[in-house]
Amino acid sequence: MGRMIITQQMEEIVSYSFSFYISFMERNSNSKKTRAPRSMPLGPESLLLRGARLKNTKEIFGVAVYTGMETKMALNYKSKSQKRSAVEKSMNTFLIVYLIILISEAIISTILKYTWQAEEKWDEPWYNQKTEHQRNSSKILKFISDFLAFLVLYNFIIPISLYVTVEMQKFLGSFFIGWDLDLYHEESDQKAQVNTSDLNEELGQVEYVFTDKTGTLTENEMQFRECSINGVKYQEINGRLVSEGPTPDSSEGNLPYLSSFSRLNNLSHLATSSSFRTSPENETELIKEHDLFFKAVSLCHTVQISNVQTDGIGDGPWQSNLAPSQLEYYASSPDEKALVEAAARFGIVFIGSSEETMEVKTLGKLERYKLLHVLEFDSDRRRMSVIVQAPSGEKLLFVKGAESSILPECIGGEIEKTRIHVDEFALKGLRTLCMAYRQFTSKEYEEIDRRLFEARTALQQREEKLADVFQFIEKDLILLGATAVEDKLQDKVRETIEALRMAGIKVWVLTGDKHETAVSVSLSCGHFHRTMNILELINQKSDSECAEQLRQLARRITEDHVIQHGLVVDGTSLSLALREHEKLFMEVCRNCSAVLCCRMAPLQKAKVIRLIKISPEKPITLAVGDGANDVSMIQEAHVGIGIMGKEGRQAARNSDYAIARFKFLSKLLFVHGHFYYIRIATLVQYFFYKNVCFITPQFLYQFYCLFSQQTLYDSVYLTLYNICFTSLPILIYSLLEQHIDPHVLQNKPTLYRDISKNRQLSIKTFLYWTLLGFSHAFIFFFGSYFLIGKDTSLLGNGQMFGNWTFGTLVFTVMVITVTVKMALETHFWTWINHLVTWGSILFYFVFSLFYGGILWPFLGSQNMYFVFIQLLSSGSAWFAIILMVVTCLFLDIMKKVFDQQVHPTNIEKAQLTETNSSIKCLDSMCCFSEGETACASIGRMLERVIGRCSPTHVSRSWSAPDPFYTNDRSILTLSTMDSSTC
């Protein structure tokens, strides 16, 4: 009899294992950060291929949700992180503990069986004589066979179904992010996207946020503001260039600030202006300089034009009648678009290009330049160049890039003045670029053309050869000037960064901008405070110099009595610090609440994140970016967030989550991340708890059946316990639970600290749930044994309960207890929660009556026939069920009361504050209508214990407006009710 259930149990193990194996292989065939190439089709062809590969799996299990899970995985081309999340690590650790418990129980049972059977009367009783084969069989093989039989008997303590439920919870739960209207941006018509559902709970564990600046913290809408041409600064005012101070050839040394640059209206004003007098020769030279500068701006780019209608464009000197409907530019970089548009406003209009030519209108005159070569931008050179042939036949090189890459290559022009102007632009928070040119002789160009051809056709080391040729070409430059464009901050960036800081999250800004520009923007967005002690690690030239500076910074941090420190480091110094002094650099960074890294290459951003990831604390990192240059750091971080901005969709496609604005990060972490982590942490602990409750009575029962491997439960109950009877309440809980209102989580970012460091899955919490499961299991078994095990008066005909009746009683108490335990853990009740919670208990009773009330012809033996009906006909059995359920849950309720009264957590305090400030009813956790019954006081007491309120009875009136959103339109928000009903 004891071996009857082995086949069914093994079938379930194989079924769950195969299901988990398919899911595991699909998720881990590639690392999470191995993304599909951009050209990979996101169409039905790839989906059909993947579906064909998994067709047999879906036919075997017939689980509808798996089709949806695989479909979403196929469409997204995203997979899990190569490193498991903190929750998965905890799950695997707990699983090892339970595997040890399983093996220990099997070994103890096997040893006790042979110890008990040492007596002959128990080894071969008269009613169970051994066969000759059994007497002659090997004792070692028999011991192994019995050990394996006990393993099969107790295997349900390992919650294999947990992995399937977790995958379902992650997949279904990810839809809530896309459905949240607070994460929808109306202007761009973009909603939040989830590219991988496996990292939802990691959103609640973030300790470091690494963010790009341009397009992430800013709007990426560039506006041309100022420029420096041949050492003279100009501002754009009402579409005209206005000089700041005297020109180099001015006869008056003290000119009024922002004196009118009269050439912007007409050339005749130039000679008669009282504050601006130049000779005709100087005037011609000045016009030539400006003409060459803006021609460099109009030709050195990759801008495309949507509609070429240029009649009437650029007809006047240095200004034009440009209409947006006539000419519209498109560019991968907003900087290029802003500069080309500015040049068009000043009379140098780019009107189109082909593979061989670029057309420009200069003061209304059409000029065609032959495009010879394009030297594309790369993050190492930090510049781009074009080689063109002018209408006069000259071959010119125009170069555009960062001042750190342009100025060292210049041999002519106003280098020092331009450097000063670039620094002044950066202090205003403007983005700067330098423009330079070089003229080639015919012989020089022939050599350049030959070397470019050889490098581009090289079969080996092509990139290195191209880099050498580019360096050879882009030297001996003549500096033309610099441009300055403004990129304004996004809405609510300051509030979001401050909230992240309050939540205990350190924010690092990684940008390629100039040092002064980056610092100015950091101050304006709240990343740096005016009262913060700003430390600098910049312009380091050697390892020894860098090490000494790091030691000085470390001493300043310990000596200065300042609460907050900020660190500024540039790309060159960072390379030196990471080369030999990683530990010292990390020590300085850990003591800084804000870090700004400027002049960073994309790969350097990824290296910084990896440095934090592998630090001894192993913190969870999150990277935010909007462009293709941010993909490397997005892929390196544990969680990658892509901003759906104006630099394409590379970042959004290669990220785990995509949002339209940086401010949405607060709700994504503080609300969704908090909820996801709490839900899945409770799910994991609850699964282990209910499986301990399930199998421990099976182990205890062996002491009463001579360890004969007789099962306590019917095989159908064994199969359906995790699949039907107890699966839905915890699944719905893990999808809908809100232990605290979303508004409170957003308004109190400090609550995020309570769930950091994986605290809800700590060893202490794990041991509590495990011991709770063992204690409940002992009450189930021994309560049933002592209450009705030997009572002959339970049935009207004087019969005693048999083996199956006893096991069914234990199973009934267990199903009710673990389900009501889930109800006690639930704070947010919806009709779905009520349906699955009380419906699961009702389904168990209906199924048992149906299963045991009919003789099924296809069953070989039906041990449960009329057992459940007979059990329910006994009033003593009903009393025993109620008594054991109340006893089990009473201990848990008392612990909750004690914890909340003696040492409540911050979340419990927030729940109480939320309730007291939001609900008008006195002395009540929830509102009750008039004419309440006598049981209402008991209900209020239970509500206090559980710490929840029914959404249909709660009136939530918020005294302060939401600092992040004017209204919460999320489906996660509790429905409100007028307080007058209280």
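For the structure itself, look to the data block above.
For clarity, every value in this text was computed on a predicted model and none was experimentally measured.

Rules behind the numbers
Residues numbered from 1 in each chain as written. Predicted model: local features only at pLDDT ≥ 70, side-chain atom pairs only at ≥ 80, totals over all residues. Heavy atoms only, no water. Helix = DSSP H or I, 4+ residues; strand = E, 2+ residues; numbered from the N terminus. Expected span 1.5 Å × (residues − 1). Buried < 20%, exposed > 50% of the residue type's maximum accessible area, 1.4 Å probe, protein only. Pairing = 2+ DSSP bridges. Core = buried A, V, L, I, M, F, W, Y, C linked by side-chain atoms within 4.5 Å. Contact = heavy atoms within 4.5 Å. Patch = residues over 30% accessible without salt bridge, like charges linked within 9 Å, V, L, I, M, F, W, Y side chains within 5 Å. Areas by Shrake-Rupley, 256 points an atom, 1.4 Å probe, with all protein chains shown as cover. Salt bridge = Lys/Arg side-chain N within 4 Å of Asp/Glu carboxyl O.

## A look at helix 8 (residues 139–154)
For an α-helix, the turn length of 3.6 residues means that residues three or four places apart are oriented alike.
Piece 1. Between its terminal C-alpha atoms helix 8 stretches 22 Å, which fits the 22 Å expected from 16 residues at 1.5 Å a residue.
Piece 2. By the burial criterion, the buried members of helix 8 are D146, F147, A149, F150, V152, L153 and Y154.

## Describing the pairing of strand 15 (residues 477–489)
Piece 1. Both strand 3 (residues 218–229) and strand 15 contribute to a ladder of eight bridges, which runs antiparallel. Looking at the pairing, C227 lines up with T483 of strand 15.
Piece 2. Pairing between strand 13 (residues 410–412) and strand 15: two bridges, direction parallel. Across the sheet, C410 pairs through a bridge with L477, a residue of strand 15.

## Comments concerning the sheet that holds strand 22 (residues 657–659)
Piece 1. If you trace the nine strands from one edge of the open sheet to the other, you get 1-22-21-20-2-16-19-18-17, paired in mixed fashion. Each of the sheet's edge strands pairs with one partner strand only, and the pair in question is strand 1 (193–194) and strand 17 (533–537).
Piece 2. With five bridges joining them, strand 18 (residues 565–570) and strand 19 (residues 594–598) adopt parallel strand pairing. Considered in strand 19, the bridge of G566 is made with A594.

## Digging into the nonpolar core
Piece 1. L622, L665, L669 and F811 are the most contacted members of the largest nonpolar core, which totals 149 residues.
Piece 2. Tallying contributions element by element places helix 26 (residues 664–701) first for this core, with 25 residues.
Piece 3. Sequence-distant contacts of L665, that is, excluding residues within four places in its chain, are made with V209, L500, L622, V624, I641 and I659.
Piece 4. Listed in part, the 43 residues of the second largest apolar core include L327, A343, M358 and A390.

## Quick notes on a nonpolar patch on the surface
Piece 1. A cluster of nonpolar residues, L99, I103, I107, I111, I140, L141, F143, I144 and L148, forms a patch on the protein surface that exposes about 810 Å² of accessible area.
Piece 2. Going through the elements one at a time, helix 5 (86–116) and helix 8 are the ones with two or more residues in the nonpolar patch.
Piece 3. Here the nonpolar patch gets five residues from one element, more than from any other, and that element is helix 8.
Piece 4. Given a relative accessible area of 44%, I111 falls into the partly exposed group.

## Side note on the pattern of salt bridges
Piece 1. A complete count under the given rule lists 41 salt bridges for this structure.
Piece 2. For E474, the salt bridge is made with R383, and the minimal N-O distance between the two is 2.6 Å. In this pair, E474 is assigned in the loop between helix 17 (462–473) and strand 15 and R383 in strand 11 (residues 383–389), connecting sequence segments 91 residues apart. The burial state of E474 is the same as that of R383; both residues are buried.
Piece 3. Three or more residues joined by partner-sharing salt bridges are found here, namely E88, K170, D198 and E201.

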